[in-house]
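Listed below are the residues making up each chain.
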Amino acid sequence: MADEKRIDEATGTETTGHTWDGIEELNTPLPRWWLWTFYATVAWGIVYVILFPAWPMVSSATQGVLGYSTRAEVAAEIERVNLSNADLLESLRTVDLGVLERNEALHGFAVRAGASVFANNCSQCHGRGAAGVQAAGYPNLLDDDWLWGGQITDIADTVRHGIRNEDDPDARYSEMPAFDEILADEEIAALVSHVRGLSGLAEGEAEGAQLFLDNCSACHGEDGRGDRELGAPNLTDAIWLYGGTPEAVEHTIRYSRFGVMPPWGDRLGEAQVRAVAAYVHGLGGGEAQVGVPLSEAAAEEAADVPEASFPASADETPAEADAAPVRPVD
Amino acid sequence: MTQPAPLFAAQEPIFPRRVSGRFRTLKWWIMGLTLGIYYLVPWIRWDRGPNLPDQAVLVDLAGRRFYFFWIEIWPHEFYFVAGLLIMAGLGLFLFTSALGRVWCGYTCPQTVWTDLFILVERWIEGDRNARFRLWKAKWDARKWRLRLTKWLVWLLIAVATGGAWVFYFADAPTLARELLTLDAHPVAYATIAVLTGTTFVLGGFLREQVCIYMCPWPRIQGAMMDEGTLTVGYRDWRGEPRGKKRVKGAGDCIDCMACVNVCPMGIDIREGQQMECITCALCIDACDDVMAKIGKPRGLIDYLALDDRPPVLPGEHAPVRPMGSDALDDPNTTGRPGSGDTAVEPVEGRTAPAPHAAAAPFVTRHSEVWAPQPVWRHIFRPRTILYSVAWLAIGVALVFALFVRPEIEMTAAPVRNPTFVTLSDGAIRNAYDVRLRNKHGEAREFHLSLTSETALAISLEGEDDRIVTVPPDATRQQRVYVTAAPGSDAATRALTDLRLWVEDVASGERAYRDTIFNGKESFDERTGAAG
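From a predicted model like this one, the values you see are computed outputs, not experimental measurements.

Residues and elements named next belong to chain B. Ordered by their spatial adjacency, four strands build an open sheet running S11-S9-S13-S14, and the pairing between neighbours is antiparallel. Only two strands of the sheet have a single neighbouring strand rather than two, namely strand S11 (467-470) and strand S14 (510-518). Strand-to-strand twist across the sheet, computed as the mean angle between neighbouring axes with direction ignored, equals 30°. In this structure, strand S9 (residues 444-452) lies alongside S11, joined through four bridges in antiparallel fashion. Among the inter-strand pairings, Arg444 is bridged to a residue of S11, identified as Val470.

Given below as structure tokens:
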């Protein structure tokens, strides 16, 4: 196959000496611009490997003399954004939640920040649209029914400490007994129809009413309207946390339910807790703030001050607010 | 083994001679007009009210607005810009099919700026012969002085060109001040630098090379031209054979080379249609000038179409100079590849196998009996009329769309996560994201209401009175709730049609969007779940 190299007459180019079936290969040189581009890329590659993280090692990569890192860039960017929002975050941390809604700028910031906090931390259980999961007992946050209270302060408290968890001593706690061992099957059946009857889903029975009075009214109230202090659901409305079918209600009575929410206060920080509380409150079912002592004049003042210098509350000086940033509610 | 001719020929300097005449005058006017528009338009002010920019023509990329006098285009109305681009394309087709590369010759920025640069060149270095001598001269002090002066003026024009461009994208007086105090955004400086560089190099040095090797338009134009298209051409049946005026039997062309000397593309139009020709018609002016001097009628070189050529009678020899035969040896042509090759192939039977001189006697006789079509017949042809109709149709449609643009723009999107919410009293509530656009310079209040065949209540998130205030020149998204009473028709039905109304509180103008309400019962039936 390899013949003598020779000069091809037609092109004036030297052959490589390779021949296949009489067809000879010309040794045409690479275009010069191409070659120089190639050399330039090689040189650039070497410089790049020296300057930037490039060479993979066992558990990381060479760092490069510039010390460049996209993670560091992201961290710096986050730091920059946090810094630019520092005033808003500080105001949010210390604002009296009862007047948050009256400061449009701060409330808007809280709701937008809360939306992303919710998407990151809450949507796994409560759903992206906050509609909850009925079968699993994750409450729907869009309706107007609140187990532990729907004021923005109540919601912040729930987020901060969670529900029925062992991690936070301040977590709201209540437990319904399992009546499987306590009541007979017929009694449970009567209770189921009574409970469903409370909201008009079934015909109530006298036996069931008596059983309810004896066993359930301590928490759910004699009329079944529940008790927010205990997180006992209102059984007379149209909303069922775990579903209103006879099977679902019977399961609740026999084995009880035990919905747990982890505390988020430490993990999110006060500003984010308040932000997500404002967001959830605004989802549609939030209740107006009551019971917060606030004069009209103070409220006006709170609504007017610019967000950067928003005071902790009408009757507190900012210094006091700094000392006690988390205001326990009721 | 012969190699194909190379597709690129090294640039040969071209020194176009000064010329005057009707086409040159037209070109001056168009140059003044186009440059004037380009440089001055950003400085026209337009009062739109307190919150909107005062610039008549402004492309606000950051704010995603396009302002054109009284018209304000938002991103979702970009079809207006698309329509204008289509009209520009069709307009180009129209002019090309009627008048050939008239765009290239008169209004193309490359032509306009090159013309301007040649004007400067001629002003500083002198006309054709002086420039030719200077090009050959040694690099002494005089040549350096002339060259540096020329380059400096070119550079000033180029900076002004790049500088004018950025004013279309920001408030011109503010940006001008920032540019001078070095406070402007780096992007502005970078843009000016790039456009300065391209103007300087393309207009000053590359010139016709841009048209021949860089621009795609000459390659496409052939598809839009036909034998009826008016292009700059040479009446060879009148001009050939060339010779001195006194020589008996000679044509009108005295081979004075005026047409070649004035050509900015460096071609000889007497060789027929060529790809390089930008139909700037300077050769017509030059030739007419000569014809006047030698007492012959004007129009030896003229705007004419291929079908204006006189037919060749049987037994006659056409006076066409054979293409490519002597063109390569002709010292007057540049020898650029393509010149001659891309010219129109002589029609069969017309090509003269015999020397030109043999065909001489009948040329004049023939031109007397042959009457070419008038110019207007070339311009108003089915093809151009079709282009005009399409162009006008789009234009009318755009103007119509502009005038029926609604003053209130809204969209209403049902929230489907979840499709509905049961409230504690058993009422069913749906949520909608209503987006309201306020294109006015002042804040507007919109009142929301709804109509439906069944009773439904509307309420707004965070608002007590169903009135949404949208800030000036902004879009606001508002969550709207529609609630059906427990057990009501809408609550129990799968879907209920409803119409969301929005009314401008100030003007009373109304708009609506049709949407649907999701009920509960059908949902229960579908999923088997019970309330």
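After that view of the structure, there is still more to cover.
In this section: the interface of chain B and chain A. Contacts between the two partners involve 14 residues from chain B, matched on the other side by 19 residues from chain A. Between chain B and chain A, roughly 1,300 Å² of surface is buried when both sides are summed, and carbon and sulfur atoms account for 52% of that area. At the boundary of chain B with chain A, the tally comes to zero salt bridges. In this structure, the connection of chain B to chain A is made through four residue pairs in polar contact (both at pLDDT 80 or more). Each residue belonging to the side of chain B that touches chain A can be placed in one class, and the counts come to six nonpolar, five polar and three charged.

Here the focus is the environment of Gly231 of chain A. Residues and elements named next belong to chain A. Here Gly231 is to be found in the loop between helix H9 (217-220) and helix H10 (246-255). Separated by 57 residues in the primary sequence, Gly231 and Ser174 place their C-alpha atoms 6.8 Å from one another. Not counting chain neighbours up to four residues away, the residues in contact with Gly231 comprise Leu147, Trp148 and Arg164.

A word on helix H2 (residues 79-99) of chain B. Helical geometry: 3.6 residues make up each α-helical turn, so side chains three or four residues apart lie on a common side. Residue and element names in this part refer to chain B. Taking 1.5 Å of rise per residue, 21 residues should cover 30 Å, and H2 covers 29 Å from first to last C-alpha, within 8% of that figure. Three or more residues of H2 are buried, namely Phe80, Val81, Gly83, Met87, Leu90, Gly91, Leu94, Thr96, Ser97 and Ala98. Close packing links the buried residues of H2 with strand S2 (65-68), strand S3 (71-73), helix H10 (217-221), helix H16 (375-379) and helix H17 (382-403). Gly100 lies just past H2 and shows a positive phi near 70°.

What follows is about the pattern of salt bridges. All names here are of chain B. Here the structure, examined in full by the defined rule, presents 48 salt bridges over all chains. Here Glu72 ties to Arg65 by a salt bridge, and the two come within 3.7 Å at their closest N and O atoms. With a relative accessible area of 11%, Arg65 lands in the buried category.

Right, let's talk about the packing of H2 of chain B against H17 of chain B for a bit. The angle between the axes and the distance between the axes are what describe a pair of packed helices. All names here are of chain B. Direction vectors running N to C along H2 and H17 enclose 160°, while the axes themselves pass 9 Å from each other. Judged by the inter-axis angle, H2 sits roughly antiparallel to H17. By crossing handedness, the relation of H2 to H17 is classed as left-handed. Contact with H2, carried on its side by Tyr79, Phe80, Gly83, Leu84, Ile86, Met87, Leu90, Gly91, Phe93, Leu94, Ser97 and Ala98, involves Arg383, Thr384, Tyr387, Ser388, Ala390, Trp391, Ile394, Gly395, Leu398, Ala401 and Leu402 of H17 and no other residues of that element.

For residues other than glycine, phi is negative in most cases, and the peptide bonds are mostly trans. Here the amide bond leading from Glu240 of chain B into Pro241 of chain B is cis, since omega sits at -10°, within 30 degrees of zero. Note the cis peptide between Asn417 of chain B and Pro418 of chain B, where omega equals 0°. Structurally, Pro418 of chain B can be placed in the loop between strand S6 (409-414) and strand S7 (421-422). For Ala130 of chain A, which is not a glycine, the phi torsion comes out positive at approximately 70°. Residue placement: Ala130 of chain A occurs in the loop between helix H5 (123-126) and helix H6 (152-161). Classification of Ala130 of chain A by relative accessible area gives buried; the value is 0%. Positioned with a positive phi, Phe69 of chain B is a non-glycine residue whose angle comes to about 50°.

Cut-offs applied
Residues numbered from 1 in each chain as written. Chains lettered and ligands numbered in written order. Predicted model: local features only at pLDDT ≥ 70, side-chain atom pairs only at ≥ 80, totals over all residues. Heavy atoms only, no water. Pairing = 2+ DSSP bridges. Helix = DSSP H or I, 4+ residues; strand = E, 2+ residues; numbered from the N terminus. Axes fitted to C-alpha atoms, helices over the stretch in contact; angles between N-to-C directions. Contact = heavy atoms within 4.5 Å. Buried area = accessible area lost by both parts, 1.4 Å probe. Salt bridge = Lys/Arg side-chain N within 4 Å of Asp/Glu carboxyl O. Polar contact = N/O pair within 3.5 Å; in protein donor to acceptor, adjacent residues only side chain to side chain. Nonpolar A, V, L, I, M, F, W, Y, C, P; charged D, E, K, R; others polar. Expected span 1.5 Å × (residues − 1). Buried < 20%, exposed > 50% of the residue type's maximum accessible area, 1.4 Å probe, protein only. Parallel < 35°, antiparallel > 145°, perpendicular 65-115°, else oblique. Left-handed = near helix turned anticlockwise from the far one by under 90°.

Everything listed is a geometric property; what it means functionally is a separate question.
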